[in-house]
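Below, each chain spelled out in residue letters.
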Amino acid sequence: MSAQVHALKAVSSRAAAPKAAAGFFEPVPFKVYTQRDLDRIEQLSQLSPEQRFEMKVVSSVLPFRVNQYVIDELIDWSNVPADPIFQLTFPQRGMLAPQHYARIAELVRSEAPKDVLEGAIAEVRHALNPHPADQMQMNMPLDEHGKPLDGMQHKYRETVLFFPSQGQTCHSYCTFCFRWAQFVGDKELRIASSEANALHDYLRKHTELTDLLVTGGDPMVMRTRHLRDYLEPLLRPEFDHIQTIRIGTKALTFWPHRFLGAEDADDLMRLLTQLVEAGKHVAIMAHYNHWKELDTEVAQAAVRRVRATGAVIRAQGPLIAHINDDPAVWAKLWKMEVKLGLVPYYMFVERDTGARNYFEVPLARAWEIYQQAIQQVSGLARTARGPSMSASPGKVEIQGVTEIAGEKVFVLRFIQGRNPDWVQRPFFAKYDEEATWLDQLVPAFGETKWFWQDEYDAIREDRLAAA
Ligand SMILES: *Cc1c(COP(=O)(O)O)cnc(C)c1O
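Enquirer: Break down the pairing of strand S11 (residues 394–404) for me, with residues and values.
Expert: Pairing analysis gives three bridges linking strand S10 (residues 385–390) to S11, with the strands arranged antiparallel. Bridge pairing in S11 links serine 390 to lysine 395. From the end of S10 to the start of S11, which pair antiparallel, there are three residues. Bridge count for S11 against strand S12 (residues 407–417) is ten bridges, and the pairing is antiparallel. For isoleucine 404, the partnering residue across the bridge sits in S12 and is glutamate 407. With antiparallel pairing between neighbouring strands as the criterion, S11 and S12 make up a hairpin whose turn holds two residues, including alanine 405 at a positive phi of roughly 45 degrees.

Following this line, the structure appears as structure tokens:
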């Protein structure tokens, strides 16, 4: 029996659980709500008018989008607002700084003219560091004329990120999204590409690349035929150096029907199978924040179906206050992932953008959570690295807190670096109980700069001059 048939059988043998089993491969209509539709979400009527008003205010600044599956299957409405999936998808007052909240709330309440409100919203957004880690200038590859190539980032030697223009949204939005700016409709803030050709030209020329990472938004929002346009050509011999095709997605959480009953789900499975059978490593880089996202029949059926193609699912996600800042939640998430055949990959530190004040967890606490969680799981789940900051110089991991020559320090390392030579060299920062990001740390032992500082400054100057 092929793996795929086996998966189908496993699903259909659950006939005893009729509700979940019957619908798996049926098309399920995708119903989505945005800011304008807040009043149409039935379950919100249990909240006070004040809470609903707060949601309207916050979602006029930060993007909001949620679909019926998330509302009905993932959120426990008897535990709102504390429910982690509610916090993951619905705007909360604390997500804006008090002065920002007060300013927008006043304009909404007094029904200020549209242009005044929009002007204020734009200013608040601008204050929220919409481009963490110099996304645009620092990471875009340049063409042969030194012009930045739209819709791509090439920061680490082996891996290029590609942002297809059809994948510039998600099935729901995460409240803490570090790419939130591209969802609020400001064209300038978008990183997008409409051209498969530009991607293929770049990949063809850059034989040092082994990994293509298709990301977004969520590329799984795209129709399969578009995804096919980008990926199928990679089976040609000129792309033999591209060993791994990664697809970043949260659809396994937010819309598992994408992989089951959606009109083009069968074709998606064929595409993944085709890539795998041609010898590519296909990795679905699945975004998970909480074990509840894996705790529905539909989510697990989608995981089984994707795995049956031979694609590997690697699981990653940020550590977020109000959602998963608890070792027990991570230990349970990693255990469930391993049980379902997923590979735990990264625990990220929440980025320095958007509603960071609401979501951030101090680095010292993040490390404690990581350590206490990893101690509870078997070796197969200890493939999760972190807590890791995707900062401008690279991915920096907090390896621990210790004392050296009487000074309390963080032990850090690069998991990825702008210069690969920086990787895996331990370095030390002065311990700081409150610091939440790399730029708040200073070198330990009274040193004036990091070992990588001069080189990084030179790279940065070069890049900014080119862009
Ligand atoms: C994380 C990341 C990658 C991939 O790094 P891996 O460690 O190979 O997963 C590539 N590019 C950017 C910009 C990243 O942040």
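Picking up after the structure, the text goes on.
Enquirer: Account for the site of the ligand, with residues named and values stated.
Expert: Lining the immediate surroundings of the ligand are Gln153, Lys155, Tyr156, Thr159, Leu161, Arg246, Tyr345, Tyr346, Lys395 and Gln416. Between the ligand and tyrosine 345, the relevant distance is 2.7 Å, taken from an oxygen atom to a side-chain nitrogen or oxygen of the residue. A distance of 2.5 Å separates an oxygen atom of the ligand from a polar atom in the side chain of tyrosine 346. Isolated, the ligand exposes 390 Å² of accessible area, and the fraction of that covered by the protein chains is 88%. Of all the elements in the fold, those that place two or more residues in the shell around the ligand are strand S3 (152–156), strand S4 (159–162) and strand S9 (343–349). Among the elements that take part in the shell around the ligand, S3 stands out by supplying three residues, more than any other. Of the residues that constitute the shell around the ligand, the class distribution is four nonpolar, three polar and three charged.

Cut-offs applied
Per chain, residues are indexed from 1 in the order of the written sequence. For this predicted model, a pLDDT threshold of at least 70 governs which residues receive local features, and a threshold of 80 or more governs which side-chain atom pairs are given and counted, while totals over whole chains, interfaces and linings are taken from all residues. Excluded from the side-chain calculation are hydrogens and water; included are all heavy atoms of the structure. For two strands to count as paired, DSSP must find a minimum of two bridges between them. Starting at the N terminus, helices and strands are each numbered in turn, a helix being any DSSP run of H or I of at least four residues and a strand any DSSP run of E of at least two. Consider each residue's heavy atoms; a residue with any of them within 4 Å of a molecule or strand counts as near. Two N or O atoms count as a polar contact when they lie within 3.5 Å, although within protein this holds only if one can serve as hydrogen donor and the other as acceptor, and sequence-adjacent residues are included solely when both atoms are side-chain atoms. Working definition of accessibility: Shrake-Rupley area with a 1.4 Å probe, residue cover restricted to the visible protein chains. All residues other than Ala, Val, Leu, Ile, Met, Phe, Trp, Tyr, Cys, Pro, Asp, Glu, Lys and Arg, Gly among them, are scored as polar; the first ten of these are nonpolar and the last four charged.

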